[in-house]
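Single-letter residue listing:
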There are 2 protein chains.
Amino acid sequence: MLQYHVGQREKENWLIAETDFDIRHQGKCEAIFCLGNGYLGQRAALEEKYVGQTRDMLINGTFNRFDEQEVTELPNAADVTNLELILDGERFSMDSGVTENYLRVMDLQTGELTRSLLWTSPSGKRYRLAFSRFVSLSCRHLLAQQVQVTPLDGPCRLQMDSGIDGQVTNCGSQHFHEGSKRVFDNTILRMTQQTTQSRVSVCLHTAHRFFLGDTPATGKMLPVIDRRLLSMRATFDLSPHIPFRIEKLTTVFTGRDQEYMDLAEQDAIAQAEADGLALIKKALCTDYDTLFSESRKAWAALWEQTDITVASEGAEDQLLLRFALYHLNIMASKTDSRMGIGAKGLSGEGYKGHSFWDTEIFTLPYFTLTQPDTARKLMEYRYLGLDGARRKAAENGFLGAMYPWEAAWIDDGETTPLLGAADIVTGKPIPILTGLLEQHITADVAFGLWQYYTVTGDQDFMNRYGWEILLETGLFWASRAEWQEASGRYEIRDVIGPDEYKDHVNNNAYTNYMAAHNLRLALHAMDILDAEESAAASRLKTQFHFAELREKCQAVLDRLYLPQPDENGIIPQFDGYFQLKHLDLTPYRNAGSVGSIYQDYNQDQICTFQVHKQADTVVLLLLLDDLFPADIRKKNYYFYEARTLHDSSLSKSTHCVLAADLGEDETAYRFFEGCGNVDFGPNMGTSDAGIHTASMGGIWQCAVYGFGGVRVIGEDLQIRPRLPKAWHSLRFRLVWRGQPLTVSVNDQSLQVQNQGGQAVSLLLNGVRTEIQPGAEASCTLS
Amino acid sequence: MLQYHVGQREKENWLIAETDFDIRHQGKCEAIFCLGNGYLGQRAALEEKYVGQTRDMLINGTFNRFDEQEVTELPNAADVTNLELILDGERFSMDSGVTENYLRVMDLQTGELTRSLLWTSPSGKRYRLAFSRFVSLSCRHLLAQQVQVTPLDGPCRLQMDSGIDGQVTNCGSQHFHEGSKRVFDNTILRMTQQTTQSRVSVCLHTAHRFFLGDTPATGKMLPVIDRRLLSMRATFDLSPHIPFRIEKLTTVFTGRDQEYMDLAEQDAIAQAEADGLALIKKALCTDYDTLFSESRKAWAALWEQTDITVASEGAEDQLLLRFALYHLNIMASKTDSRMGIGAKGLSGEGYKGHSFWDTEIFTLPYFTLTQPDTARKLMEYRYLGLDGARRKAAENGFLGAMYPWEAAWIDDGETTPLLGAADIVTGKPIPILTGLLEQHITADVAFGLWQYYTVTGDQDFMNRYGWEILLETGLFWASRAEWQEASGRYEIRDVIGPDEYKDHVNNNAYTNYMAAHNLRLALHAMDILDAEESAAASRLKTQFHFAELREKCQAVLDRLYLPQPDENGIIPQFDGYFQLKHLDLTPYRNAGSVGSIYQDYNQDQICTFQVHKQADTVVLLLLLDDLFPADIRKKNYYFYEARTLHDSSLSKSTHCVLAADLGEDETAYRFFEGCGNVDFGPNMGTSDAGIHTASMGGIWQCAVYGFGGVRVIGEDLQIRPRLPKAWHSLRFRLVWRGQPLTVSVNDQSLQVQNQGGQAVSLLLNGVRTEIQPGAEASCTLS
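This report concerns the structure included in the present document.

### A few points about the side chain of N507 of chain B
Residues and elements named next belong to chain B.
For step 1, the next point in the chain: Structurally, the position occupied by N507 is in the loop between β24 (489-491) and α11 (509-530).
For step 2, the next point in the chain: Looking at N507, its side chain comes within polar contact range of the side chain of N512, at 2.9 Å.
For step 3, the next point in the chain: Contacts of N507, omitting those with residues within four sequence positions, involve E491, I492, R493, N512, Y561, P563, Q573, F574 and D575.

If you want it as structure tokens, here you go:
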């Protein structure tokens, strides 16, 4: 059971608690209580093992491919969180005996996860237990855990088994060679593993410290080396009522770390081992509390920069926003542009750590508008992925860059797996066509890039990376569009749009409009570069044949078929859409779980119905909203929403923002709550494979785009707030053209404070407003 | 808690029961209740999952190598035993709620494993549950399980999740590609996996049948395809007090099956899939009881042939003998000579399914003397391994065949891993030197072979395979022995004898004497072949240069140093033995677990003490007993036993037989009990990695060699019984020169019945006796 009000007033809206342990729902808290720092993510599997756990530690960018039949994925590194306690011969497990006063608390403010309980063993002996852990935000290579045991009924012999467990896999796929194991000074355990195909070495050091009360304690220490396993068996004699405390410290380095980028493989391993050993030795000289206070300071600074505050009648709204911000900030590497954002962040094995359009369309806006440095890293990641995108285009017979639907390591190219779940009709796994057909990702990258440039004005980025991406993606679309003699127009046939319940469709409106946008950006890029004398301009003019490229792009753009609203104002999602059959969606909309329609129909059958997994045309209405008049947007929103199952975590935030745009405040608020429910709500199974990063970005979009009314329109930042009835005030931060702004909204007014050193010009509730450095502008809301 | 008297009179001494469930001791019963048929072994992990389980299905001979850093091993095939029950939303698990009347019973007579219990769920609802399963002995590709649920408190919605789970690994090493999954008729689940390196395909089909009372039941069936996982989610509504029964049937075929040996890889897979599907369909037309009765009949026939009966005051002696016979009969392929016997049989991942000297010295005698056809397969396995043995010899600079210390697939050659557990001094894993230095295995193979020939007189085997092995191994020893100019003799330096607590020793007595025996056999082989005109003889004369080989073997044999007894009659285990330090072994002999000395000393230190892991010189005294007078044997037995920790399962049976030989009846009986304790006794951790096959053979040797007094001496079978005080009678079967004999012993007399068609000549209690077909001979024992 999750609880969102834990009863510490000064911590209100910072804590999420689990108030009882249910073995069936472990995946939920493992994911939503995931710890991390962008360098790695550590699922919150409990210290002691239970059936059904997924003990993941995913280190950003360490992709490996198990075999030729699988795609590359983020490998599950050896587990360091497992710590087994044998108390007077009885293994501590909440499965057995009686557990009382159970409370597990995730503190979003500090990044610390704690658990406390009173355990009565099967034989009737009582113990008070307390656990805590964090992944350091100040030192990304450092993890720490703490376990405290207090025997309440007489003395106790405690045995601890704890170390580094390399037997973990990704659902059975083992990505690591066994590697080497070593014990130093009968204290420090080292395991160095290497991935089987990508040859990334992961070097872990773990060590324990023991205390009886406040005094360092010594016990019998026996290191155990087993297959893929290195652990310490420590035995202590405890006295009643005196707390016995274990600190477990771990350092994580990999041969892929930025610091070692220029080293040869063997040198990188040696350096990772040396650095890991030095850091664990240094950590052993201090203690959990000191290390934690350093990390906590880093979190405090981050919250100072990123927090959103809301005064809401919705009891969990404030907490939900922080929950999303917490996850947005642990999923992305802020220093290493070789890494994207996985669809589950670093919180689970789902989607194999791959980056989808979720990044550009759902999470990038948060970074672009609040942490432009991180946004730049994410766009650089796409630049580094250009070779893979060029390869994919060439393999499919196109020019330019065709971005992978699923992207992993920078040079992996397309990494979408080929087979999915069972087809209930044929009994065979369903082929996954998205890698081939879901082509809008290329236009999404261009869209995200242009938004980044618009918001930041980052000319350096454009010269180094940005223009080239726009040109390559424009070239792709120019080659991709097919001239149809019969209709005398270019079409984009045989694709999957955002709505994955439809495949092999022609002229998906979202895809075609976004492709046109991409072509316009490429043409715009050439205009700008033509007018420039920069080194970048001359490099790109050499690399691309502007005259020819311009001609191609313009020809396609001029004649590209853009589906128009029919007599009812509805834009057909794709060719022949209106001929599809109607289906009563009630059972699936009420199913309480996603994908329930597949229990009745297979993919081929679903393709014949007017039913959608998620927002499709509706996303278009949001991203390119200046292309469509308000009444068209409204009609299409209602039409498509009624046919949408919201079986994707990418659906509700778009609907929320659009509903808010359309003045449907309460509907928007309901969708905002729905976004929360993706990971945060009562359905305990939804996050098993990891949290939904698009949903985290979506929650931010609901608040800032939807209710805050922030939008990048043309060259401008527009703020037109529309708070829902339940919200009385909202305060958030933005960075526009490098100037930090604080936006405060309440029922009556909008204030924007410019904390930067330069003036900014904004559209506040439709009125162009210039705000000088240090000044505040405000306007009244009707 | 294990219980050996389950209270069914007619089943007395056939059943082993576990009377309560202890999650810490799962490994014990998983191993000792292992089911199998020589084609595959299935550990007895419970249907529902628990922490600490090892869910192994090991298919004989399907060896695979995970990577270049590991050695080949028997891969853990997908698990089919898991079957989860959700009863009114509560997952059945004995961790939770209250379990009463728990009884798990292994029926050695029928090969069926059953479990029954009364479960009160956490919410207080009561259910009666019964489970049974068997691995068919009559159809080796077939496995069956049965689960019965009776709700006792009102109706119940039952959800079953059960199928094929390919997420299992060998301690984290995944040997299989994910492979293909398919569902037929919404009923039959198929998973076809292939090993990553050896390209062995394993094809599993699983299907369920459901009954309410005696009536077939239909429920909602939903196949679930997940990563490496294919299962059926079935939902049924149960009525109170009406038993609901699930039958789960599985077929197992591999591309390595004998039947497909001549097929190309793809054809073998296709055939395995077709045969598996046909068999599961056929099985679905019958039922668990029918299939079980066929398997039970095969077991009855086997017991008729193999049972040993004893009237003993030792309450568990009879059961222990059957326990050993049961395991001896499920560990070995009786049809496929491409497979040896793993040191843990097919009951666990320990020793990776590899064959050691355990086969020839500990388990082969059972097969040679009771199932010569199986013994022949095992010796053919060594013949098929000759290439690997020749390769090992060449790699080490020797001639002939140097058998691998650890043997896996026939052409794998040496497969001993390179690193073991932690060195407590250096903190690094201990190098495993046995693959290089424990060379006596080659002589052990020759010894076992010659015993097989002596017992069976199998000329066909010798001509096809046997002589060649003797010549190649003789050649090896001739090249291996080192001429020492100083001492004017050949020596065998830098080896490990049977006692693995000593490495890098010179002139290990066991090794040198056994090498001499091997050389004698090679010379003898040449004598016989020289006198023959057979095709085999001319082939071998062409292959080997007899004159040269004879000269080499004779020269080495004549001057090979064979350590002689010192003034106290003690044969030094190796050079310099008497200079080693004494060590008080009391703590390690009383430790209750093996290897405890490694907690105080590392290998280098242990090498400096007079301490032994296991019988070494004592094995020599048993195998080549005609070389040593009785007093020397006696003195050495006492001397070395006092210095032996019996930290190997290969130790006590040798001591038992030798003690019996020396008239130390009660000591012998104590060692027999000790053999039982290896897998059968109160120490719950000993069998976690699998049962000890050498110990199973050793138990048979205790009874038949030790108390039955059976020995192959020269060309003769000698029977000189010495029952311990606790035993009043003993009856066992032997096959001598193809003639089945029944041997009955009691306090007063020995009877031998010849059930064959030819007369046999034996030494009964020292007296040569001829027994005509169908006749019985007897003699009085003093």
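### What to know about the packing of helix α10 (residues 459-480) of chain A against helix α11 (residues 509-530) of chain A
Each pair of packed helices can be described by the angle between their axes along with the distance between the axes.
All names here are of chain A.
For step 1, the next point in the chain: Across the interface, α10 lies against α11 with an axial gap of 8 Å and an inter-helix angle of 130 degrees. Taken together, the axis directions place α10 and α11 in an arrangement best described as oblique. Helix-helix and strand crossings are classified by hand; for α10 and α11 the assignment is left-handed. On α11, the residues touching W467, L470, L471, T473, G474, W477 and A478 of α10 are T511, A515, N518, L519, L521, A522, A525, M526, I528 and L529.
For step 2, the next point in the chain: Counted by class, the contact of α10 with α11 contains 13 nonpolar, 4 polar and no charged residues.

### Overview of the sheet that holds strand β26 (residues 716-719) of chain A
Residues and elements named next belong to chain A.
For step 1, the next point in the chain: Pairing within the open sheet is mixed, and its 4 strands lie in the order β25-β26-β30-β31. Each edge of the open sheet carries a strand with a single partner, namely β25 (710-713) and β31 (767-771). Across the sheet, the axes of successive neighbouring strands diverge by a mean angle of 35 degrees, strand direction being ignored.
For step 2, the next point in the chain: Relative to β31, strand β30 (residues 760-764) runs antiparallel, the two sharing 5 bridges. Paired with L763 across the two strands is R768, which belongs to β31.

### As for the packing of aromatic side chains
For step 1, the next point in the chain: Summed over all chains, the structure comprises 92 aromatic pairs over all chains.
For step 2, the next point in the chain: Residues F134 of chain A and F292 of chain A carry aromatic rings whose centres are separated by 5.2 Å and whose planes lie at 45 degrees to one another, so their mutual orientation is tilted. Taken together, the positions of F134 of chain A in strand β10 (residues 126-135) and F292 of chain A in helix α3 (residues 288-306) put the pair 158 residues apart, joining distant regions of the chain.
For step 3, the next point in the chain: For the ring pair F134 of chain B and Y288 of chain B, a centre distance of 5.1 Å and an interplane angle of 75 degrees mean the geometry is edge-to-face. Here Y288 of chain B lies in helix α3 (residues 288-306) and F134 of chain B lies in strand β10 (residues 126-135), a separation of 154 residues in the sequence.
For step 4, the next point in the chain: Residue classification places F134 of chain B among the buried positions, given a relative accessible area of 0%.
For step 5, the next point in the chain: What links up through ring pairs into an aromatic cluster is the set F574, Y577, F578, F639 and Y640 of chain A.
For step 6, the next point in the chain: Its end group placed over the ring of F211 of chain B, R245 of chain B keeps NZ or CZ at 4.4 Å from the ring centre.

### Quick look at the pairing of strand β28 (residues 739-746) of chain B
All names here are of chain B.
For step 1, the next point in the chain: Buried residues dominate β28, accounting for 6 of its 8 residues.
For step 2, the next point in the chain: Here 8 bridges tie strand β27 (residues 727-736) to β28, and the two strands are oriented antiparallel to one another. Bridge assignment links R733 to a residue of β28, and that residue is T742.
For step 3, the next point in the chain: Here β27 hands over to β28 after 2 residues, with R737 in that stretch at a positive phi of 50 degrees.
For step 4, the next point in the chain: In this antiparallel pair of consecutive strands, β28 and strand β29 (residues 749-754), the connection spans 2 residues.

### Quick look at the interface of chain A and chain B
For step 1, the next point in the chain: Contacts between chain A and chain B engage 42 residues on the former and 42 residues on the latter.
For step 2, the next point in the chain: For the chain A and chain B pair, buried surface summed over both sides reaches about 3500 Å², with 53% attributable to carbon and sulfur atoms.
For step 3, the next point in the chain: Contact with chain B buries area across many residues of chain A, yet V51, I225 and R227 of chain A alone supply 18% of it, more than any other trio.
For step 4, the next point in the chain: Across the contact surface, chain A and chain B share 6 salt bridges.
For step 5, the next point in the chain: As a salt-bridge pair, E70 of chain A and R227 of chain B come within 2.9 Å of each other at their nearest N and O atoms.
For step 6, the next point in the chain: Across the contact surface, chain A and chain B share 16 residue pairs in polar contact (both at pLDDT 80 or more).
For step 7, the next point in the chain: For the side of chain A that touches chain B, the elements supplying multiple residues, two or more each, are β13 (180-184), β17 (220-226) and β21 (419-422) of chain A.

Calculation notes
Residues numbered from 1 in each chain as written. Chains lettered and ligands numbered in written order. Predicted model: local features only at pLDDT ≥ 70, side-chain atom pairs only at ≥ 80, totals over all residues. Heavy atoms only, no water. Helix = DSSP H or I, 4+ residues; strand = E, 2+ residues; numbered from the N terminus. Polar contact = N/O pair within 3.5 Å; in protein donor to acceptor, adjacent residues only side chain to side chain. Contact = heavy atoms within 4.5 Å. Axes fitted to C-alpha atoms, helices over the stretch in contact; angles between N-to-C directions. Parallel < 35°, antiparallel > 145°, perpendicular 65-115°, else oblique. Left-handed = near helix turned anticlockwise from the far one by under 90°. Nonpolar A, V, L, I, M, F, W, Y, C, P; charged D, E, K, R; others polar. Pairing = 2+ DSSP bridges. Phe/Tyr/Trp six-rings, centres within 6.5 Å; stacked < 30°, edge-to-face > 60°. Buried < 20%, exposed > 50% of the residue type's maximum accessible area, 1.4 Å probe, protein only. Lys NZ or Arg CZ within 6 Å of the ring centre and 35° of its normal. Buried area = accessible area lost by both parts, 1.4 Å probe. Salt bridge = Lys/Arg side-chain N within 4 Å of Asp/Glu carboxyl O.

Don't take any of this as a statement about function, it's just geometry.
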